Every structure is written in structure tokens, then in C-alpha cells.
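For reference, the chains in residue letters:
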There are 4 protein chains.
Amino acid sequence: MRARDYGINIGVLPVGLFNAITDVPGVKVGHTTLIKGNHIRTGVTAILPHSGNLFQQKVPAAIFAGNGFGKLAGSTQVMELGNLESPVVLTNTLNVATAMDAVVGYTLQQKGNEKVQSVNALVGETNDGYLNDIRGRHVSRQDVLQAIQTATGGNVTEGNVGAGTGTVCFGFKGGIGTSSRKLPKSMGGYTIGVIVQTNFGGVLQIAGAPVGKELGTFTFSNQLLNNVDGSCMIVVATDAPVDSRNLERLAKRAFMGLAKTGGIASNGSGDYVIAFSTAEQLRIAHSPASPTQGTELLTNDYTSALFMGAIEATEEAIINSLFAAENMKGNGKEVAALPADKVIPILKHYNTVK
Amino acid sequence: MRARDYGINIGVLPVGLFNAITDVPGVKVGHTTLIKGNHIRTGVTAILPHSGNLFQQKVPAAIFAGNGFGKLAGSTQVMELGNLESPVVLTNTLNVATAMDAVVGYTLQQKGNEKVQSVNALVGETNDGYLNDIRGRHVSRQDVLQAIQTATGGNVTEGNVGAGTGTVCFGFKGGIGTSSRKLPKSMGGYTIGVIVQTNFGGVLQIAGAPVGKELGTFTFSNQLLNNVDGSCMIVVATDAPVDSRNLERLAKRAFMGLAKTGGIASNGSGDYVIAFSTAEQLRIAHSPASPTQGTELLTNDYTSALFMGAIEATEEAIINSLFAAENMKGNGKEVAALPADKVIPILKHYNTVK
Amino acid sequence: MRARDYGINIGVLPVGLFNAITDVPGVKVGHTTLIKGNHIRTGVTAILPHSGNLFQQKVPAAIFAGNGFGKLAGSTQVMELGNLESPVVLTNTLNVATAMDAVVGYTLQQKGNEKVQSVNALVGETNDGYLNDIRGRHVSRQDVLQAIQTATGGNVTEGNVGAGTGTVCFGFKGGIGTSSRKLPKSMGGYTIGVIVQTNFGGVLQIAGAPVGKELGTFTFSNQLLNNVDGSCMIVVATDAPVDSRNLERLAKRAFMGLAKTGGIASNGSGDYVIAFSTAEQLRIAHSPASPTQGTELLTNDYTSALFMGAIEATEEAIINSLFAAENMKGNGKEVAALPADKVIPILKHYNTVK
Amino acid sequence: MRARDYGINIGVLPVGLFNAITDVPGVKVGHTTLIKGNHIRTGVTAILPHSGNLFQQKVPAAIFAGNGFGKLAGSTQVMELGNLESPVVLTNTLNVATAMDAVVGYTLQQKGNEKVQSVNALVGETNDGYLNDIRGRHVSRQDVLQAIQTATGGNVTEGNVGAGTGTVCFGFKGGIGTSSRKLPKSMGGYTIGVIVQTNFGGVLQIAGAPVGKELGTFTFSNQLLNNVDGSCMIVVATDAPVDSRNLERLAKRAFMGLAKTGGIASNGSGDYVIAFSTAEQLRIAHSPASPTQGTELLTNDYTSALFMGAIEATEEAIINSLFAAENMKGNGKEVAALPADKVIPILKHYNTVK
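Computed from a predicted model, the values in this text were never measured in an experiment. (Residues numbered from 1 in each chain as written. Chains lettered and ligands numbered in written order. Predicted model: local features only at pLDDT ≥ 70, side-chain atom pairs only at ≥ 80, totals over all residues. Heavy atoms only, no water.)

Draft legend 1. Region of the structure containing the overall build of chain A. Across its full length, chain A carries eight helices and 16 strands. Here the C-alpha atoms of chain A give a radius of gyration of 19 Å, agreeing with the 20 Å that 2.2 N^0.38 yields for 354 residues. Its C-alpha atoms give chain A principal-axis dimensions of roughly 60 × 50 × 30 Å. Evaluated residue by residue, chain A yields a buried proportion of 72% over its 354 residues. By element, 50% of the accessible surface of chain A is carried by carbon and sulfur atoms, the whole surface being about 10100 Å². Across chain A, the mean location of the 28 positive side-chain charges is 2 Å away from that of the 26 negative side-chain charges. (Helix = DSSP H or I, 4+ residues; strand = E, 2+ residues; numbered from the N terminus. Rg over C-alpha atoms; globule rule 2.2 N^0.38 Å. Buried < 20%, exposed > 50% of the residue type's maximum accessible area, 1.4 Å probe, protein only. Areas by Shrake-Rupley, 256 points an atom, 1.4 Å probe, with all protein chains shown as cover. Lys, Arg positive; Asp, Glu negative; His and termini not counted. Charge placed at Lys NZ, Arg CZ, Asp CG, Glu CD.)

Draft legend 2. Layout of the interface of chain C and chain B. Each side of the interface is counted separately: chain C has 36 residues, and chain B has 36 residues. Contact between chain C and chain B buries roughly 3200 Å² in total, counting both sides, with carbon and sulfur atoms accounting for 50%. Here Asp101 of chain B and Arg137 of chain C are joined by a salt bridge, their closest N and O atoms 2.9 Å apart. Joining chain C to chain B, the criterion identifies 26 residue pairs in polar contact (both at pLDDT 80 or more). Of all the secondary structure elements, the ones that give two or more residues to the side of chain C that touches chain B are strand E3 (57–68), helix H1 (75–81) and helix H2 (96–109) of chain C. With seven residues, the top contributor of residues to the side of chain C that touches chain B is H2 of chain C. Considered class by class, the residues forming the side of chain C that touches chain B number 14 nonpolar, 15 polar and seven charged. (Contact = heavy atoms within 4.5 Å. Buried area = accessible area lost by both parts, 1.4 Å probe. Salt bridge = Lys/Arg side-chain N within 4 Å of Asp/Glu carboxyl O. Polar contact = N/O pair within 3.5 Å; in protein donor to acceptor, adjacent residues only side chain to side chain. Nonpolar A, V, L, I, M, F, W, Y, C, P; charged D, E, K, R; others polar.)

Draft legend 3. Structural detail: the packing of aromatic side chains. For the structure on display, the rule yields 14 aromatic pairs over all chains. Pairing Phe64 of chain C with Phe255 of chain C gives two aromatic rings, centres 5.6 Å apart and planes at 65 degrees, and the pair type is edge-to-face. Of this pair, Phe64 of chain C sits in strand E3 while Phe255 of chain C sits in helix H6 (residues 244–260), and the two are 191 residues apart along the sequence. Considered together, Phe64 of chain C and Phe255 of chain C belong to a single accessibility category, that of buried residues. Between the NZ or CZ atom of Lys58 of chain D and the centre of the ring of Phe55 of chain D, over which it lies, the distance is 3.8 Å. Of note, Lys333 of chain D hangs over the ring of Tyr130 of chain D, and the distance from its end group to the ring centre comes to 5.0 Å. (Phe/Tyr/Trp six-rings, centres within 6.5 Å; stacked < 30°, edge-to-face > 60°. Lys NZ or Arg CZ within 6 Å of the ring centre and 35° of its normal.)

Draft legend 4. Fine view of helix H7 (residues 304–324) of chain B. The end-to-end C-alpha distance of H7 of chain B, which contains 21 residues, comes to 30 Å, matching closely the 30 Å that a straight helix rising 1.5 Å per residue would cover. Burial analysis of H7 of chain B places 21 of its 21 residues in the buried class, the great majority of the element. (Expected span 1.5 Å × (residues − 1).)

Draft legend 5. Focus on the sheet that holds strand E6 (residues 122–126) of chain A. Residue and element names in this part refer to chain A. Pairing within the open sheet is mixed, and its four strands lie in the order E1-E2-E5-E6. Strands with a single pairing partner mark the edges of an open sheet, and in this sheet they are strand E1 (28–36) and E6. For this sheet, the mean angle separating the axes of adjacent strands, direction not counted, is 15 degrees. In the sheet, strand E5 (residues 88–92) pairs with E6 via five bridges, with the strands oriented parallel. Bridging from a neighbouring strand, Asn92 pairs with Thr126 of E6. Across the sheet, helix H2 (residues 96–109) touches E5 and E6, and the angle it forms with E5 is around 150 degrees. (Pairing = 2+ DSSP bridges. Axes fitted to C-alpha atoms, helices over the stretch in contact; angles between N-to-C directions.)

Draft legend 6. Representation of the relation of the copies chain B and chain A in the model. When chain B is fitted onto chain A, the two copies agree to an RMSD of 0.0 Å after a turn of 180 degrees and an axial shift of 0.0 Å. A rotation of that kind, with that shift, is consistent with a two-fold axis. Of the C-alpha atoms belonging to chain B, the one lying closest to the rotation axis is found on Gly208 of chain B, 1.8 Å away. (Least-squares fit on C-alpha atoms with pLDDT ≥ 70 in both.)

Draft legend 7. Structural context of the packing of helix H2 (residues 96–109) of chain B against helix H3 (residues 141–149) of chain B. All names here are of chain B. Close contact between H2 and H3 brings their axes to 8 Å; oriented N to C, the two are set at 60 degrees. Comparing their axes, H3 and H2 come out oblique. Considering the relative orientation of H2 and H3, their crossing is right-handed. Contacts between H2 and H3 involve Thr98, Ala99, Asp101, Ala102, Val103 and Tyr106 from the first element and Arg141, Val144, Leu145 and Ile148 from the second. Here the contact of H2 with H3 is built from residues that sort into seven nonpolar, one polar and two charged. (Parallel < 35°, antiparallel > 145°, perpendicular 65-115°, else oblique. Left-handed = near helix turned anticlockwise from the far one by under 90°.)

Draft legend 8. Quick look at the pairing of strand E11 (residues 231–238) of chain B. All names here are of chain B. Within E11, eight of the eight residues are buried, which leaves the element mostly enclosed by the surrounding structure. Alternating positions in E11 separate into two faces, Ser231, Met233, Val235 and Ala237 on one and Cys232, Ile234, Val236 and Thr238 on the other, with burial throughout. Sheet topology places strand E10 (residues 191–199) next to E11; eight bridges connect them, and they run antiparallel. Residue pairing across strands places Val196 opposite Ile234, the latter belonging to E11. Taken together, the eight bridges between E11 and strand E12 (residues 270–277) define a ladder with parallel strand orientation. Bridge pairing in E12 places Ala237 opposite Phe276. Between the parallel elements E11 and E12, the chain passes through helix H6 (residues 244–260) in a crossover that is right-handed. (Right-handed = clockwise from strand over helix to strand, strands pointing away.)

Draft legend 9. View of the relation of the copies chain C and chain B. Expressed as a screw operation, the relation of chain C to chain B combines 0.0 Å of axial shift with a rotation of 180 degrees, fitting to an RMSD of 0.0 Å. Most of the interface of chain C is mirrored in chain B, where 100% of its interface residues again form contacts.

Draft legend 10. Quick look at the pairing of E5 of chain A. Residues and elements named next belong to chain A. Of all five residues in E5, five are buried; the element is thus mostly enclosed. In this sheet, E5 lies alongside strand E2 (residues 40–48) in antiparallel orientation, the contact comprising three bridges. Bridge assignment links Ile47 to a residue of E5, and that residue is Val88. For the crossover from E5 across H2 to E6, the handedness is right-handed.

Draft legend 11. Inspection of the interface of chain B and chain A at higher detail. Across the contact, 41 residues belong to chain B and 41 residues belong to chain A. Across the chain B/chain A interface, buried area totals approximately 3400 Å², and carbon plus sulfur atoms make up 59% of it. By the criterion of area lost to chain A, the three top residues of chain B are Phe220, Met256 and Asn267 of chain B, representing 18% of everything that side buries. Inspection of the chain B/chain A interface yields 22 residue pairs in polar contact (both at pLDDT 80 or more).

Draft legend 12. Main features of the pattern of salt bridges. Residue and element names in this part refer to chain B. Under the defined criterion, the tally for this structure stands at 36 salt bridges over all chains. Of the charged contacts in the structure, one is a salt bridge between Asp101 and Arg141, with a shortest N-O distance of 2.7 Å. A residue pair is termed long-range when its members are at least 10 positions apart, and Asp101 in helix H2 and Arg141 in helix H3 qualify at 40 residues. Classification of Arg141 by relative accessible area gives partly exposed; the value is 47%. The salt bridge involving Glu312 is made with Arg181; its shortest N-O contact spans 2.8 Å. Note that Glu312 is positioned in helix H7 and Arg181 in strand E9 (residues 176–182), a separation of 131 residues in sequence. Arg181 carries the same exposure label as Glu312, and that label is buried.

Draft legend 13. Inspection of the packing of helix H6 (residues 244–260) of chain D against helix H7 (residues 304–324) of chain D at higher detail. Residue and element names in this part refer to chain D. Two numbers describe how H6 lies on H7: the axes approach to 7 Å, and their chain directions differ by 40 degrees. The pairing of H6 with H7 is recorded here as oblique in orientation. Seen from above, H6 lies across H7 with right-handed handedness. Here Asn246, Arg249, Leu250, Arg253, Ala254, Met256, Gly257, Leu258 and Lys260 of H6 lie close against H7, whose contacting residues are Leu306, Phe307, Ala310, Ile311, Thr314, Glu315 and Ile318. A class-by-class count of the residues in the contact of H6 with H7 yields nine nonpolar, three polar and four charged.

Draft legend 14. Spatial organisation of empty space enclosed by the protein. Tallied over the full model, the rule gives eight cavities of 30 Å³ or more. Taken as a whole, the second largest cavity holds about 610 Å³ of empty space. Taken together, 32 residues make up the lining of the second largest cavity; nearest its centre are Asp243, Thr295 and Leu297 of chain B together with Asp243 and Leu297 of chain D. Breaking the lining of the second largest cavity down by element, the ones donating at least two residues are H6 and strand E14 (292–298) of chain B together with H6 and strand E14 (292–298) of chain D. Looking at the lining of the second largest cavity, its residues break down into twelve nonpolar, 16 polar and four charged. (1 Å grid on protein atoms, 1.4 Å probe; cavity = no way out; pocket = protein on both sides within 12 Å on 5 of 7 lines; lining within 4 Å. Points joined across faces, edges and corners; volume = space filled by probe spheres on them.)

Draft legend 15. View of the side chain of Asn95 of chain B. Residue and element names in this part refer to chain B. The residue Asn95 is located in the loop between strand E5 (88–92) and H2 in this model. Taking the relative accessible area as the measure of exposure, Asn95 reaches 0% and is therefore buried. For Asn95, the side chain forms a polar contact with the side chain of Asn92, separated by 3.0 Å. Asn95 has contacts with Arg137, His138 and Val139, leaving out every residue within four places of it along the chain.

The analysis is restricted to geometry; functional conclusions fall outside its scope.
Have a look at this one:
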């Protein structure tokens, strides 16, 4: 069940067909979920901006560090050059190196990349060490490759999958969530899609309703929750023709969507947003045929609707991750899913759902 | 009537005595309100970190540009040196120069500053040109000085005063608002105070309730509201001993509070946060007695409660500005106050107030 | 006499026709020089990216703060929106407000701007308070307007003029300097022009020769020179079609040019670079005719030659400012010009000139 | 032979005992050099801020990206939290993941870190793919650990060692270089040490003398040199008690030192500076004993001498790397060392050496 299945409506803009990041044409998502024995609860999620050779056909991209307590590999080059040349891969904190290594290997071996000597792998993470034996670094390069190779469009599995397998959010089981917005034609008709890996704390609000307060479980409400310092990785895709500068602005708005769920970006939470544009005419050739490139870019004045879409889709993606996640035992601990049976009555009390 | 007078409770942390930025010991606020004839609806708001000579006893400070479409004078020096050496002054967009000039003059003439040859005046603004004849640049240096000189502690007047005299927020009359949070002793006992000048758009939420959606007035709901591109200046004060780096992080959280009211930081909105610490032992002497200075700083690990306070106080300050503001005619136009008679029933419907 | 007139050759790239920022087609420079009585030694320098209505036809721009101890008004909006909508005006530290006010007025009154309600004036400064009665704030709005209105192309007066009238550089009289580079056609044929307002310290090197060391006058060589904390404002223009992101990179290279003269960006020096592109097809309409704009942009891969040009032109512009400046008395003090009769023999000793 | 052995004097400040980064008390450097068969020419260099448990006793740190075309892992967390919790490791571009993985493993297994679940490994790189079979990714975790474990104080081997084994600089063989400055007691008596991994292009200047121009080998002088897009990693250590904000400023000055050697920070050069302070009283406990920490920090006003030291030491470290490096064949190519027999006469011609 996703938020909308419960009658929860977030924002005012229409959603895309799948209400997923894959509504942005060409975007694919793949998960490798590692649930083994009593201690391994982790995984990998890969997001592909397009199905071609990403290194040879880079996409405009930007990054916003809402709170930089995190190990986002590859960020400085994205910011300097304004582009992304690899899949975006999310995993656990201590396997970032593994994922980098796999992405580098993946890129080196792709057809057409025989002479490539430099690859900027963009790898984000959150700390799933509460439910997962994170020190065991159980993600393998093969796990990463599998997430990339099995990535598909269409519906995206949410909850306890991929990089969200072992995460905790607002004291409940977190995970992967996704959502999208499709702007009306009068606003450009562009799609904005978001996928999140939720692993952070705060005072949960669902479509404005004070769920965390009502349940009495929020950051600083007790000592345990103080330590729910995880992270939230947010990936924003759009087919709008926006360059790196405006993608950075778009990324900032996704962080605003996180705020609307009650997230507080606590000291220990690595809250990063990665934004890219899939607009085909903006692809950046690794070896440009000529010194200049013609592009058709959205002007600053027409970005506000995109901003609104990014806020809404991020908020909904986070809420989706919570509804999709299920109870999880691991590493000697247990984290309960968001209890729909308690939450829906609260939402009804606040008239958020009928 | 302030939000809490209506029974609206935002967040989970306790408020300070005045529920105002002035709950931070030593902070003073002054307003000059200019309502003259049919066309002048503007003013000045000054925030003083302490009552001494600010140039000689600077305070740690930082700035976060949520959306930099705005004319915040003095920002780069604050970010480089990590300190603030003047009152923070807010006014309208086209009178920033007037305010800078007045602050420079004010500083030069202060006792002890006879040899000062460089002053970094921190002046923010929003565009009140809908209700105000902004092109007339009606704010005078004397108006600015008056706001500084009449600044006081205690209760802060909100609504159509000072730099908020002519502003518009979520399609309603905006203005000045303030709020504070006082952390429990177990979290350090620090106070965080916020004051805002609200002049921006989005989809209004009050304590989570979808007021803008219910009223049918929100950005992109009609053409007129598209153009409500104003700005939101946010000033955050705290007595917690935090340096410039952690103040910048605190400033980012205030931007999250703006997000919770439904603000979208549209392209044309200059959304800035200025944060400073009033902790006495952190004062930065203009002419230090020795090369090093001893300080006692809050560690990163203890900042999260401050972050939460900044989010809550900012959200509430914005809502306070809306409830305090009254209908305003000016410049041939009229903007209605937030209609409490319609809003309170909505809040009741959503059980946000009883 | 300029550096090249003495046989000093900086760098390896060819210079433009005037060896000035005005070699970039359309760029104009104007000075107002204020030398009055015994105490007034200051002025204004205005740089116009093109001769049309800058507000209606903005240019791509970026800013790099090498050392942000300075009062560069307007910087945050340039960085957010990636464009410049006013002349760049340089003056003394305490008259930034005057210049802002004048630029705002100038823009408001321009034909076509009758409805403009927001203007981002970009005003830089350095502190000329050693030779100038800076506290007197002697620059008037009329002085600023005059610099804008009298701006012309072609040769640019250097030395004790405009915003450089009262400045001090490496312990000698500083001032205005300019230079340019014209890339060979094989590198794109673009022009890079630089103008500087020099007012900083360090250990002077001229085309590599250790002039400061030989003369025994450098920062920390004695107490007096410790305090030569001024600033260096650097403005870089190019006709290459580069967007704001690559202009920021270009701006960073100008800072490298400053380094090559022996500047150390001391704590008190506000060393800023403003870079803009005059490429006509990159002009940004204030009211865009359509949501997207077609542009033809230089790719990252072809920026290195521009970078090299910016480094060389900045180094030479600074040296030009020193050779052009003459002895100046003012404010009860005197600063000697760089003594060519001593410097040229040093340069000959180091075989920098023949 | 180092630069000073040839009589080359860079700057005006005195050097430390070893003229190396290890002059900063407690700093250690270790190299693993991989020269195997015809194709492997790479390695690892590790810099340890102190000999204790770096994770438990972090040091204040900052990063400046002069040109972010590079894969500096760990940078965002250093910038957010203002500290460094691992050794700094340098290697080749495609082995960054290997080095991260090794540093994470190293940290996890250290005594006292049994419960650590998050490690921010700071790993920089340059591209040695001209002389090295970089695609083979020949660096192993063991190689990385060895560099860390064999790190020592005292003299630092320069040239074709460690991460500099296969690098190319100004068209000559680059490598590792180091230098230091020891401020006079009147300026605080602090030490600033720098180590560099040189792999970039431009127009070489040695102590100001135009060596690259004289030799006719410089960027854009021919097509081949255009492609010498490498990187320059610069690590700056100081025992001065400076926090992260002032360390970032210090890092910027190191980039100025690079400029003085003729480096142009070309598009493809990842030029990063990492700066940290070893001042013992600034150590940041992983689990602070109390919410606040007392520190004694250098004030802004006393930073300029440090800045000057960082510029000088960086310039000299780069030049040292060139003089120390020797001819190298690898990967089917050959790069000659800087030819001292041609360079010294040039330096004599320019009276840079006697």
C-alpha cells in the first residue's frame, strides 16, 4: 500500500503514471536486497539516468548537501563540471568503496570506454548499522553490478529493498520510496521524479498531520530516538532542460520536501540531494565534436513549478517509504513498520484522509 | 492575536517567555513603520545582537541563502570572517543602499569607533512593491537610525510594521513575525529566537493543516499568485555558544521551517537566513588583545536540539506574521489579511485547534 | 608607461589591440576621479558589459571571493541567478551604499525600465583610507553616474584614477590597471579582458622577478607593511560563450594571476573576482519571450585556454596599475609610486627585461 | 637534490628543520611505491596528522577545491563537520575505492574503534594513466595499509615515490614534493608544512624564472601538452590553533602557491587542497565528555603570516617534486625528469641562482 492508496494526498500537483522516478522518461531503477542469516540487512539501489553509455553521454547534474555528515563519493566533480557520468548508486556507509569500485569497473568495461582512464562514480549511503552488521561490509561488487544491470523502468519496489533494506526512519522501519509530479502543459509539461533512501529522525508529519507527536515517538522524546542519526539520500530526476545551476536549486527544494515530513537534518544525518536532467539535447559528450554545444535551456523565470514539484514528490516519496516498509529483525534488534492501524486513525482524526 | 492565542501549537519544544527573538538575552528589535498617503507602505526593522558597541564586540554569525534572488548586502564578509559587526537591518529592495549608508554612519559615529575606516553593514530586504511605491525609495537614513535607536527587548510588535509594512505572503497580507524556543536544561537550556519578514508564496499550511489548498489560494492556482515572488528574510539568534560553521548549519534549519509553512522558495523569492550567537564569551574584539582567543564551543554532537528549535521557531514566526497582519490598501491595490474567520474553522476541521 | 613599454612580457599568449578590458567587444570603462584639497583622494570606476539596457539584457556572470573581507554588494543574486543586470561599479569601502543607490537610480530611470521594482546593483570596493579621508564619504551619486555615463571603449586610463585614486599596493601607490589576452583562432579566438583596482600587500614579483624582496619592502618585512590590508577587485570580461558555472571557474583563475604578482590575500584584503560574458547570444532577457532559451555554450573541455588568458591578463593588469600610478599625498600621508628607476635595474639584473 | 640544494630560494620566510610537512610536530608520511614490470607505475602516499587514534581524536580540517575535476572522497563530511577522522591517503584515480576501503578497514580494526559504524575516509588522487596501466587498478588494500603503517616523521622521500610514482608535471616527470615554513616567534612561531602530488600543466616558473617558456615546453605550446591534464593534490598541515573556517582560508592560499609555479588549473586538473591543524587542544573527541569544548583559537587578524607560509611552502613543495623526480618509462611511454643541466643555466641566466 502506498500513501495514495490510503487516500493521502500530498501537494496540489498531479502525479505521473507510476508515481515514481521512472516517470521521467528513460530513468531506470534497480535493487539488490541482501537479507541473509540474522545479521545481514543491507543492499544496493542504482538509478540510471538513461540506458545508453552514461560516461560517453553524461547528463547535467548537481548536488546539494542539506547536511554533509555523509560519504557521498564523487560530489566535487559533479559540482565542478556540472555533470554526472555514472549511475547513481546508494548503499550502506561502509560499502561506499565497494560500490565505487564496482561502478568504476562497470564503466571501464562498457563498450566504447576502452580508453577511459578516469571515472567519477557517484555513490551515496546511509548508515544501516542498527539492523545490519554494517562492520561486516557485506555488499559485494557483484551486488552493485546486479543492481545496475537489473534496473528497469515502470513500477519501483519500495520499502525494505535495496539500499533501504536496513534503514530506520522516524523510529520506524524506513526504506526506499519514490514519487513523481507531472506539470500541466501550461507549466511546461515536465516530469519531476524522486527516489529516497530514508534513515533519519525528527517529528513525523504525514500530509501535515502530527503523527509523530500523537504516537509519542520523535527525536528527543526519549534517549533512544536521539541516536536515530541516519541519513536521507534523495535523487531527483527531471526531463526539464535545466542546467547544473538550476539543478542545484531544484535539489535545495527536495530538501524542503524532507522538512515537510518532520525531518530535522540532525547533526548525524547525511542529507544529500542529487539532481539530474535527462533532457536529450543536454547530453554532454565525453569527447565533444566541436568546442561549443547548442542547448535550449529553461530560463530562471520558469523554474518555480519544477521547484514545487520537487518539494511535493520528495515529501511523498519519504512517506511512501514508510508505508511500504515492513517489520524487520536484524543484528539482534527489531524495528517495527509504521503501524498503519494506528496511523490511519490519526490521519482520520486530522481529516487528512476520509 | 498570535498563533498560540488561537490554540495553534507548532512543534514539540517549549517556547520562551515572550515567544520572540528577544527571549535570547540581549537581543533587541526596533521598527520604523512608514504609512503615508496612498502610496507609502514600507519601513525598517532592526535587530541588535547586543546593546554594546557591535563593531568593537562582534558576534559569531553565518548566512544561508535558501534562494539568493535578493540583495543581502554584507553577506560575503560575514561568511569569510564568521562574524557580524553591525545591527541586522531589514527594509525594502530599493532602499538597501539607504539602510547600508545609515548603518555605516551609525557605526562611524559610535563612541570608540573614531578611527574605524571599514564597516560591514548587513542589510536584507524584500520587495514590497505591490502595496508600496517602492520606486519612490521612501525610506530615509533617519528612518533606519530610528529603528536602531528605538530597539528594545521584550514583546515584539508583529504584522504590518517595520520592514513588513507592505509585504504579501501566500496571497495574504504578510509582515513581521517572531517566535522562540527554550531548550530544556537536559538539552543545554539554550534559547533560539527567530524573526521573519514574510513576503513569499506557496501553498499555505498552518501547523500542518492545508489552509491554502482549502481556501483555493496558492501559487499556480491562478496567474496572479504566480507573481507573488517576494522574499523571506529570517534572522535567527541563539545564546548557545556556536561558531560560524555551526551557525550556518542552524541557518539551514530555519529554511526548513519556512518549508513547513508551505513556502516553495520560488525563483523570485530571496530567501535568506542570518544566524548569530550572543554567547558573551564568543564576542570577537575588533582589536584583539592577544593573537589567540579562548572560547568554549558547543560540539557538533549537541547541535541537533538547536536545529529542531530553529525549525519550529521559524515555522511559528511565519504563521505569527500572518495572524498579526491586517488588511492593507496601498499603491492602488489592496491585500486582505489572513481571514481568521475562515481559517480557524479550517483548522478546527483538521483538528489542528480544538 | 605600461609594463610592456618597459619590455616586460608576462605570459605566453598574445594581447588584444588596447591590451585592456575594452578589447572585449562592447565593454566600456568610465572613471570619476576625486582629488580635492588635502584629504580627498578617491573615486569611482564603472565597467559596462555592453551599451544597451543591462537590466533588460542581462549577461551571464559569476563571482569568486578569493578572500571575502570586503563589501561586495549584489554578489548573492549574481551567484543564484547566474547573471548581472547592472554596470559593475568600484569605489571606496564606505561609499558602497552611495554607489548602490546611484546604480539603482540609474537603472530605474532608463528607458524601458519604467516598471522595474527590483535592481541588483553590483558594487565592489577597496579601502583607500590611508590616503583618503574615507570617513568623509566624499563620493556622491552624481560621481557614480558620471563614471557610468562617460564610460567608453578603447584605451583605459590607469593608475591614480577612479576607484584607484587613493589605493596602495605592495607598499607603493596602487590604482587601476588593465590588460587583455586574445586567443589564437585555433584556441577559439576569444578575448579575455581584465581590469583591477589594486590595494593589497605581499611580496611583489614582476614577471617573476623578486622586486619586493630586492627593495626590502614586503608584508611582514616591517610593522607598517603588516597593515597594508586593502583589497583587490578584479573584473574579468570575455566574449567566449561561457555560462555562469564556467565563469566562476574563470574567476578563480584570475585570483591565480593575483598570486603570481606576490599577493598573499592577507586576512584584511577583500579579494574578489567578478566575471561576465558578453557573448550576444547569451544575453538573458528580463522578460523572456518563451520559457526556454537557445544558447551555444563552450564545453568544459575548451575552457583551459581561457583560464590561462585570465591568469596572464590579471597578473599584467596588476603590474600595469603599479607602473601607471604616481606619487600621491593625501590625508596627511604620502605614498610613493613604484620607483621605475630602481625597479628597471632590478628587472635587468634578473634578465626580465633586456 | 632539492631546490634549496641548487641555491633556489623561494619566498622570504624561514623553513623548518626538514623543510617538510613533517616539521609540523606529530605529522607522519608513508609511501608505497609500485614499480612492476613494464606497466605498473603507481603507488600510495599516506599523511597522518598524529600518531594516536585519528577517529577517536579527530583534527580540525577543511578542503578547498581549486578545480574539482577529481575524485576526492570524504570531502563533504570534512566541510560539514570541520574535522578529519582518518589518515589522508593519495593514490591514482581508479584506485580511490581501494584506498577508501583500506582506510575504513584500518579504522574499524583499530583498538578502541570496536563499535564504530561510520568512517569518513579522505582519499585524493591524480591520474597517472600516461605512465601507469591505470585501468589495471594495481593498488591493493595491503599497499594502502603499508603506506599508513610505515609512515614516519623526519625526512620525506620525494619524487617518483608513493602516489607520485607515475605522475607528470609541466611535461616533465612529477611526483611527491614537500616543504615547510616556520614563522618567527613574533608571528606566532607556528609551522606550516605542505606535501604535494604533482601531475598538472601550465607554464613552469621556478622562483619566478620562466623555465617553461625558455624550454619551449608549456601548455598549448604543442598539442601533446594540451592533454597534460592531471591534478595536484596539496596537503597542508599546521600546528597553529586554527579552526575549520580559517583552515579553509589557509587551503585557498596553498592554491595560490600552485599558481606561482605556473600551474593554470586546467579544465581536467583536479586541484584540491586539504588543510588540518595538529594543535593538541583542538582535538575533537569522537565521544565528547561534555557538550562544550574549551579551545584557544587564533583570531582572524593573526592568520596572514600563516597564509604567506602556505603559499611559499606549496610553491617550494611543487618545485621540489620536480627536482626529485627522475626519468621514468612505463606503459609504453617515457617521461624525462626536469633536466637540471638545462634548468640551472636558465636559473643562472635569470639570476635566480648564483
